Structures are given as structure tokens and as C-alpha cells.
Amino acid sequence: MTLPDTMPDALSDLRAANLHLQATIDGLRQSLEAAAVEADRRVTRVQSEEAARVAELTVTIQQMRDQMEAQQQTHDRALQAERAAAQAEIGQLKGSIDALRLTLDNERAAADQARMTLEAEHARERQALQQQIQALRDTMDQMMGQSAA
């Protein structure tokens, strides 16, 4: 069986078309692979940029946290110092109040003692005066009794 003359041309055309399609497919495959590589490169770049941003934010957040903790510690120390100063002042005030109470109690006791001493002296003086008045009355009564007799 022999092929007609047109068959080899058709076969050549088919082979040429097949080669052309194969070249187109290879070109499209290479374009897709290049696009995939470019997309992977872009994704990697974006991921890298985002990782850098996240790292920067993490550093910033850590710095802010450290600053806040340092401020908190400073405030805590200041508060403790204020509390200690207040406690010391309270202790001094309590001591002063206790000393004043003791002084007041001593002054009250001294005043009570002085009052009692004055009252006792006054009572003795009154008794002495009453005795003198009685003695004068007795003397007057005797003098009156002698003058009447």
C-alpha cells in the first residue's frame, strides 16, 4: 500500500501542527512555571516583609511593656516610700499623742494634788478660824458673864 502524494504532505502538516502545538504547550508551561516562580517569589517577599513587620511590632510591644513595667516599679517604689514615710509619721504622732496624754495626766494629777492640798489647808484654816471664833465666843461669854455678875 502506497500513500498517495497528498498524504505525506498532510502528515507533514500534521507533524508541523503537532510540533507547533507542542511548542505552544511548552511555552505556556514555561510561562506558567515562570509565573508560579514569580508568584512564589512575591509570596515569599510579602511573607518576609510581614515577618519583619511582626518582628518590629513585637520589639515595639516588648519595649512598651518594659517601659510600663519600669514605670510600674518606679511607682511601686514611690508608693512604698510614701507608705513608709506615712507609717513613720503616724508612729511619731502616736508617740507625741502618748507623751501629751502622759503630760496631761501628770498635770491633772498635780492639779488634783494641789487642789486637795489647798482644800486641806482651807479646811485646816477654817477649823482654826472656827476654833478661834469659838474661843473668842467663850471669852466673850466669860466676859459678859463676869460683867453681868
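Throughout this document, residue positions are counted from 1 along each chain, in the order its sequence is written. Only residues with pLDDT of 70 or above have their local features reported here, since the model is predicted, and side-chain atom pairs are shown and tallied only from 80 upward, although totals for entire chains, interfaces and linings are computed over all residues. Just so you know, side-chain values use all the structure's heavy atoms and leave hydrogens and water out.

Draft legend 1. Broad picture of the overall build of the chain. Along the chain, the regular secondary structure elements total one helix and zero strands. Relative to its length of 149 residues, the chain is extended, with a C-alpha radius of gyration of 62 Å against a globular reference of 15 Å. Dimensions of the chain, computed from the C-alpha atoms along their principal axes, are close to 210 × 20 × 20 Å. Each residue is placed in one exposure class: buried if its accessible area under a 1.4 Å probe, protein chains only, is under 20% of its type's maximum, exposed if it is over 50%, and partly exposed if it falls in between. Expressed as a percentage of the 149 residues in the chain, the buried residues total 0%. For the chain, the exposed area adds up to about 13,500 Å²; of that, 59% sits on carbon and sulfur atoms. Positive and negative charge centroids in the chain, built from 16 and 24 side chains respectively, lie 5 Å apart. Each helix corresponds to a stretch of at least 4 residues labelled H or I by DSSP, and each strand to a stretch of at least 2 residues labelled E; elements are numbered beginning at the N terminus. For the radius of gyration, the atom set is restricted to C-alpha positions; the globular benchmark scales as 2.2 Å times the number of residues to the power 0.38. To be clear on the numbers: accessible area is Shrake-Rupley with a 1.4 Å probe, and residue cover counts the displayed protein chains and nothing else. Charge assignment: positive for Lys and Arg, negative for Asp and Glu; neither His nor the chain ends contribute. To locate a charge, the coordinates of NZ of Lys, CZ of Arg, CG of Asp or CD of Glu are taken.

Draft legend 2. Representation of the pattern of salt bridges. By definition, a salt bridge exists where a carboxyl oxygen of Asp or Glu is found within 4 Å of a side-chain nitrogen of Lys or Arg. Counted according to the given criterion, the structure contains eight salt bridges. The partner of aspartate 26 in a salt bridge is arginine 29, with the nearest N and O atoms 3.2 Å apart. Highlighted residues: aspartate 26 and arginine 29, both in helix α1 (residues 6–148), separated by three residues, approximately one helical turn. Residue classification places aspartate 26 among the partly exposed residues on the basis of a relative accessible area of 29%. With a closest N to O distance of 3.2 Å, glutamate 49 and arginine 45 form a salt bridge. Here glutamate 49 and its partner arginine 45 are both found in helix α1, four residues apart, which amounts to about one turn of the helix. The structure contains a network of salt bridges with shared partners spanning Glu38, Arg41 and Arg42.

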